[in-house]
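If you want the building blocks of each chain, they are given just below.
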Amino acid sequence: MADSFSLQNVLDNFKSCLSDNKEVFLKYYISGWRELVSFMNSLGSVFAFISKDAVNKIQILENFLTGENGTHYLTVQSMVKYELDNELVDLTKRGSHPESGCRTLLRLHRALRWLQLFLESLRTSTEDSKTSVMCSDAYNASLAQHHPWLIRKATGMAFCALPGRDTFFEVLNAGSHQEVVTLLGEALPLISEVYQITEDLYAKNNLLELP
Ligand code: 1PZ
């Protein structure tokens, strides 16, 4: 089924993300996010405003990748080089390129940090840990600093609607609790590596604060 989620699919995509010389393939980065969005959709409609924004950003990147300049969008590295060399990025304030690949991917990149923190605390959580608390702790330590008050507020309310830890493990669709924990242990180093490579690339090019 096209819309059936499994944690394994996320893992597979992030595994395929890295090329031999550690470049990040946009195609699999996007697919990884599509999987995560389908997971979020299965949690209920309170998350619709989040998944709408994520889908919108995924679509922008996909349009670049399948567009006439698609070959330049093969990897995050080639995208950054192409867009910077051709002045296709608004660097200090939004202007003629409000939806560049660079600024769009940066939003997902920041969300990947949230995911990394959240999955790590889920992996090491105990029976009485609360998903909503893990989620908002991860959010406050990452994405929140980039979001205005209204979005932080709405996001905080959505977190309260998260299912409990047991249900959450089930929806991840990767077997028993122990199997989920094992799989998370495999997925996290991959997600962290993709995150770190992107972070270093953006830092080197001064792109971490793109408007
Ligand atoms: C499992 C529970 C899901 C929790 C998700 C935690 C992330 C909360 C993100 C809240 C986003 C709120 C809606 C839109 C925000 C946008 O303003 C920002 C900045 O973009 P800009 O306005 O500059 O164009 N968008 C983002 O920060 C990207 C958010 C992507 C979130 C993807 C979440 C995927 C969750 C996967 C679930 C496992």
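Residues numbered from 1 in each chain as written. Predicted model: local features only at pLDDT ≥ 70, side-chain atom pairs only at ≥ 80, totals over all residues. Heavy atoms only, no water.

Under the annotation held in an unreviewed UniProt entry, the protein chain carries the name Ceramide-1-phosphate transfer protein and is attributed to Ictalurus punctatus. Here the protein chain is described in UniProt, under the heading Sequence similarities (unreviewed entry), as follows: "Belongs to the GLTP family." (UniProt positions renumbered as here; feature names shortened; annotations may be inferred.)

Colleague: What exactly am I supposed to notice about the overall build of the protein chain here?
Modeller: Scanning the protein chain for helices and strands turns up nine helices and zero strands. Along the chain direction, N to C, the helices and strands of the protein chain fall in the order α-α-α-α-α-α-α-α-α. The C-alpha atoms of the protein chain give a radius of gyration of 17 Å, which matches the 17 Å a tight globule of 211 residues would have. Expressed along its principal axes, the backbone C-alpha trace of the protein chain runs to roughly 50 × 40 × 30 Å. Burial status across the protein chain gives 45% buried among its 211 residues. Put simply, of all contacts in the protein chain between residues at least 6 apart along the chain, 70% involve residues at least 24 apart. (Helix = DSSP H or I, 4+ residues; strand = E, 2+ residues; numbered from the N terminus. Rg over C-alpha atoms; globule rule 2.2 N^0.38 Å. Buried < 20%, exposed > 50% of the residue type's maximum accessible area, 1.4 Å probe, protein only. Contact = heavy atoms within 4.5 Å.)

Colleague: Just checking my understanding: could you explain the packing of aromatic side chains for this structure?
Modeller: For any two aromatic rings, the description comes down to two numbers: the centre-to-centre distance and the angle of the planes. Inspection of the entire model under this criterion finds nine aromatic pairs. On the basis of an interplanar angle of 75° and a centroid distance of 6.4 Å, the ring pair of Phe25 and Tyr28 is categorised as edge-to-face. The class for Phe25 is partly exposed, based on a relative accessible area of 26%. Taking relative accessible area as the criterion, Tyr28 reaches 28% and is therefore assigned partly exposed. (Phe/Tyr/Trp six-rings, centres within 6.5 Å; stacked < 30°, edge-to-face > 60°.)

Colleague: Mind showing me how you'd approach helix H4 (residues 76-85) here?
Modeller: Because an α-helix completes one turn every 3.6 residues, residues spaced three or four positions apart along the sequence face the same direction. Those residues of H4 lying buried are Val76, Gln77, Met79, Val80, Tyr82 and Glu83. Residue Glu87 follows H4 closely and has a positive phi angle near 50°.

Colleague: How do you make sense of the environment of Thr126 when you look at a structure like this?
Modeller: Tracing the sequence through the fold places Thr126 in the loop between helix H5 (101-123) and helix H6 (131-140). Overall, Thr126 belongs to the partly exposed group, its relative accessible area being 44%. Spatially, the C-alpha atom of Thr126 lies 8.9 Å from that of Arg165, the residues being 39 residues apart in sequence.

Colleague: Whenever I open this one, the nonpolar core confuses me. Can you help?
Modeller: A general trend in soluble globular proteins is that nonpolar side chains are found buried together. Counting 66 residues, the largest nonpolar core has Tyr29, Val76, Met79, Leu112, Trp114 and Tyr202 as its most contacted members. Counting residues per element, this core draws most heavily on helix H9 (residues 177-204), which supplies twelve residues. (Core = buried A, V, L, I, M, F, W, Y, C linked by side-chain atoms within 4.5 Å.)

Colleague: How do you make sense of the site of the ligand when you look at a structure like this?
Modeller: Taken together, 22 residues lie near the ligand, and Asp53, Lys57, Arg103, Arg107 and His147 sit nearest. Asp53 is positioned such that a nitrogen or oxygen atom in its side chain is 2.8 Å from a nitrogen atom of the ligand. Contact distances for the ligand include 2.9 Å between an oxygen atom and a side-chain N or O atom of Lys57. Here the ligand loses 89% of its free accessible area of 830 Å² to cover by the protein chains. Going through the elements one at a time, helix H2 (26-41), helix H3 (48-66), H5 and helix H7 (149-160) are the ones with two or more residues in the shell around the ligand. (Near = heavy atom within 4 Å. Polar contact = N/O pair within 3.5 Å; in protein donor to acceptor, adjacent residues only side chain to side chain. Areas by Shrake-Rupley, 256 points an atom, 1.4 Å probe, with all protein chains shown as cover.)

Colleague: Explain the confidence of the model for the protein chain here, please?
Modeller: Do not read the predicted coordinates in detail wherever pLDDT is low. Summarising the model, the protein chain shows a mean pLDDT of 95, and 99% of its residues fall at 70 or more. Here the predicted complex carries an ipTM of 0.97, next to a pTM of 0.96. (pLDDT = per-residue confidence, 0-100.)

Colleague: In this structure, what is going on with the environment of Asn63? I would like to understand it.
Modeller: Its location among the elements puts Asn63 in helix H3. Once the C-alpha coordinates of Asn63 and Tyr73 are considered, the two residues, ten residues apart in sequence, prove to be 9.9 Å apart.

Colleague: Mind showing me how you'd approach the side chain of Asp90 here?
Modeller: Note on placement: Asp90 falls in the loop between H4 and H5. One buried charge, Asp90, has no salt-bridge partner; the nearest side chain with opposite charge is Arg94, at 5.8 Å. Side-chain polar atoms of Asp90 contact the backbone nitrogen of Gly95, separated by 2.5 Å. Side-chain polar atoms of Asp90 contact the backbone nitrogen of Ser96, separated by 3.5 Å. Once residues within four sequence positions are removed from consideration, Asp90 is found in contact with Gly95, Ser96, His97, Pro98, Leu210 and Pro211. (Lys, Arg positive; Asp, Glu negative; His and termini not counted. Salt bridge = Lys/Arg side-chain N within 4 Å of Asp/Glu carboxyl O.)

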